[in-house]
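Coordinates in review
Now for the letters of each chain:
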Amino acid sequence: MMIVIAGHMTVSPAARHAHVAAHADMIRRARSHPGCVDFAICEDAVDPGRVNLFELWESEAALNAWRRVANPPAGDVQLSAIEVQKHHVSHSGPPF
C-alpha cells in the first residue's frame, strides 16, 4: 500500500515562481526522507496562477514522520485556494 497526495494551489501568477523556489530545500529534504518515493512542487504548464503538488510515500508511517519534520518555508505567499487529495494505492507488480 502506497500513499499518493496530489493537488494544486492557486497563487498570484506574479508570485508563482517565488513560491516554488521557496520550497526547493523542503523538496530536496523530502526526496531524501526515508519512505519518500517522489515529492514535487512545480509550476503548472498551462495555468499561470497554479502550482501543482505531488507526493508518493511507501507508507502512512513514512508520510506521518515527514509531516512532523517538514518545516515549510516561513512567510510563504498567500494561497487563494488549495485542493489536495490523499489516496491509498496498492501495487502488486508490473502493469502489463
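Now for a look at the structure at hand.

Scoring rules and cut-offs
- Per chain, the residues get numbers from 1 upward, laid out in the order the sequence is written.
- Selection of residues for local features in this predicted model requires a pLDDT of at least 70, selection of side-chain atom pairs for listing and counting requires 80 or more, and totals for whole chains, interfaces and linings are taken over all residues.
- As a rule here, side-chain values cover all heavy atoms of the structure and leave hydrogens and water aside.
- In summary, the pairing rule links any two rings of Phe, Tyr or Trp, Trp by its six-membered ring, whose centres are within 6.5 Å, and it sorts them by plane angle into stacked for under 30 degrees, edge-to-face for over 60 and tilted for everything else.
- Runs of E in the DSSP output that reach at least two residues are strands. Runs of H or I that reach at least four are helices, and both are numbered from the N terminus.
- Residue exposure (1.4 Å probe, protein chains only): buried if accessible area is under 20% of the type maximum, exposed if over 50%, otherwise partly exposed.
- Note on definitions: salt bridges are taken to be side-chain nitrogens of Lys or Arg within 4 Å of carboxyl oxygens of Asp or Glu.

Let us look at the packing of aromatic side chains. All chains considered together, the criterion is met by two aromatic pairs. Centre to centre, the rings of F39 and W66 are 5.9 Å apart; their planes meet at 70°, and the pair counts as edge-to-face. You can see F39 sitting in strand β2 (residues 36-43) and its partner W66 sitting in helix α3 (residues 60-69), a full 27 residues away along the chain. F39 sits in the buried class, given a relative accessible area of 1%. Judged by relative accessible area, which is 1%, W66 ranks as buried. Site record: aromatic cluster; members linked through ring pairs are F39, W57 and W66.

For the rest of this paragraph, the subject is the pattern of salt bridges. Opposite charge on two side chains permits them to pair, given that their charged atoms come into close proximity. Considering all chains together, one arrives at five salt bridges under this definition. Where E43 meets R16, a salt bridge forms, and the shortest distance between an N and an O atom there is 3.2 Å. Separated by 27 residues along the polypeptide, E43 in strand β2 and R16 in helix α1 (residues 16-22) bring together distant segments of the chain. Judged by relative accessible area, R16 falls into the buried class, the value being 14%. Where R28 meets D25, a salt bridge forms, and the shortest distance between an N and an O atom there is 2.3 Å. Of the two residues, R28 and D25 are both situated in helix α2 (residues 24-32); the distance of three residues between them amounts to about one turn of the helix.

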